[in-house]
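# Understanding the architecture of this molecule
Here is how the chains run, residue by residue.
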Amino acid sequence: TQSTWGDSFKLCMRNAIITGSVMSLRAVLIFLGKVVIFLIPLIVGIFWISSNNWGIENPILAYVALFLIAYTVSSGFMTVWTAGTDGMIQMYCVDEELFGGSKYAPQLLQEARADILASEKN
């Protein structure tokens, strides 16, 4: 029997236009998501550590720990988000192949797909 990852790869290759356009947009969103999720707790933590007088003469170690924790949380969150978007893209492609069109996709997504395919033909 065939493996699941092989089926998934073939599904993505058969729908390369859709997956390629979504993957390029997804890369930008992953970067922006990591930056936002990373910076907000980092900035809040720096102000929190700086404003409280805990007798810390050199808070560099605290800042480094805060940096590492914020980066780990943002990377983990975006990894989960990426897995979810991969699954949704594949389910959309399965919907396309099984029903000859987007039977279960929202109207806005169907219109975007039609625009992408029309621009690729030109």
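Read on for a plain summary of the structure. Here the structure is a predicted model, which means the values were calculated and not measured. (Residues numbered from 1 in each chain as written. Predicted model: local features only at pLDDT ≥ 70, side-chain atom pairs only at ≥ 80, totals over all residues. Heavy atoms only, no water.)

## Brief notes about the layout of surface pockets
- Taken as a whole, the largest pocket holds about 480 Å³ of empty space.
- Taken together, 19 residues line the largest pocket, and the ones lying closest to its centre are Val-22, Thr-85, Met-88, Ile-89 and Leu-109.
- If you list the elements that add at least two residues to the lining of the largest pocket, you get helix H2 (16-51), helix H3 (60-99) and helix H4 (107-121).
- With seven residues, the single largest contributor to the lining of the largest pocket is H3.
- Split by residue class, the lining of the largest pocket holds 14 nonpolar, two polar and three charged. (1 Å grid on protein atoms, 1.4 Å probe; cavity = no way out; pocket = protein on both sides within 12 Å on 5 of 7 lines; lining within 4 Å. Points joined across faces, edges and corners; volume = space filled by probe spheres on them. Helix = DSSP H or I, 4+ residues; strand = E, 2+ residues; numbered from the N terminus. Nonpolar A, V, L, I, M, F, W, Y, C, P; charged D, E, K, R; others polar.)

## As for the side chain of Thr-19
- Along the chain, Thr-19 turns up in helix H2.
- Beyond its immediate stretch of four places on either side in the chain, Thr-19 contacts Cys-12, Ile-89 and Cys-93. (Contact = heavy atoms within 4.5 Å.)

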